[in-house]
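As a plain string of letters, each chain reads:
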Amino acid sequence: MSKNNLESKKVIVASIKEKLEKAQSVILVDYRGITVEEDTALRAAFRKENVEYSVLKNTMVELAAKEAGIEGLDPYLNGPTAVAFGYQDPVAPARIAADFMKKSKKTAFKCGVVDKKFLDEKSVIALSELPSKEVLIAKIMGSLNAPITNFVYAVEAIRKQKAGEE
């Protein structure tokens, strides 16, 4: 192997390692059978949610994962592998890929990583079924707001009762 080739591979591994460390979640997908049009649409859906999607060499991902301290990926790093890195919403990569899989009946999850913890295929599917971060925040805010609203109504009813307004 030439010195330039080795150096370029080191740069690629370092770049993948950085992405693995920066991402909130990562999913690995077997992308066999998708057309160029489907791939373009999938990439656009990922881009819209700030998810980086790349086809990467398995050996490069394996080396980067080891350097990043992520274990469990090795058995899944065979055959065609695409990797989606979710930087803002940890659910987005899995949700987008699952939506695509339902429509196209092509591709399959291999595995994933959330907070440097390995997820098997079933766990990635479960992750894909979670609501987005924004939806969860809205639900929490609604839940927090409900008791306050009910309290205000109760106080107002007591005030009216005491004032004889009923």
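Below is a short write-up of the structure.

Thresholds, definitions, all that
- Throughout this description, residue numbers start from 1 for each chain and increase along the sequence as written.
- For a predicted model such as this one, the threshold for reporting local features is a pLDDT of at least 70, and the threshold for listing and counting side-chain atom pairs is 80 or more; totals across whole chains, interfaces and linings nevertheless cover every residue.
- Hydrogen atoms and water are omitted, and side-chain values are computed over all heavy atoms in the structure.
- Any two strands with at least two DSSP bridges between them are considered paired.
- Strands here mean DSSP runs of E at least two residues long; helices mean DSSP runs of H or I at least four residues long; both are numbered from the N terminus.
- Angles here are taken between N-to-C directions and fall from 0 to 180 degrees, while the axes themselves are lines fitted to C-alpha atoms, restricted in helices to the stretch in contact.
- Nonpolar cores were defined as sets of buried Ala, Val, Leu, Ile, Met, Phe, Trp, Tyr and Cys residues, with membership established by side-chain atoms within 4.5 Å.
- For the exposure calls, accessible area comes from a 1.4 Å probe over protein chains only, and a residue counts as buried if that area is under 20% of its type's maximum, exposed if over 50%, partly exposed in between.
- Should any heavy atoms of two residues lie within 4.5 Å, those residues are counted as being in contact.

## A word on the sheet that holds strand β4 (residues 108–114)
Two orientations exist for strands paired in a sheet by backbone hydrogen bonds: parallel and antiparallel.
No. 1: Within the open sheet, the five strands sit side by side as β2-β3-β1-β4-β5. Their pairing is antiparallel. Single-partner strands in this sheet number two, and they are β2 (51–55) and β5 (117–119). On average, each strand axis in the sheet is tilted by 20° relative to the strand beside it, whichever way the strands run.
No. 2: Note: strand β1 (residues 25–30) against β4, six bridges, orientation antiparallel. Each bridged residue has a counterpart across the sheet, and for V29 the counterpart in β4 is F109.

## Re the nonpolar core
Nonpolar side chains tend to gather and get buried jointly when the protein is soluble and globular.
No. 1: I27, F46, Y53 and F109 are the most contacted members of the largest nonpolar core, which has 22 residues in total.
No. 2: Counting only elements with at least two residues in this core, the list comes to β1, α2 (36–48), β2, β3 (82–86), α4 (92–104), β4 and α5 (121–128).
No. 3: Not counting residues within four places of it along the chain, the set of residues in contact with I27 comprises A82, V83, A84, P93, A94, A97, F109, C111, G112 and V124.
No. 4: Judged by nonpolar contacts, the second largest core, of 20 residues, contains L56, A68, I70 and L77.

## Observations concerning the pairing of β4
No. 1: Counting buried positions along β4 gives six out of seven residues, so the element sits mostly inside the fold.
No. 2: Sheet analysis places β4 next to β5, joined by three bridges and oriented antiparallel. What sits directly across from V114, in β5, is K117.
No. 3: Hairpin connection between β4 and β5: a loop of two residues separates the two successive antiparallel strands, and D115 in this loop has a positive phi of roughly 50°.

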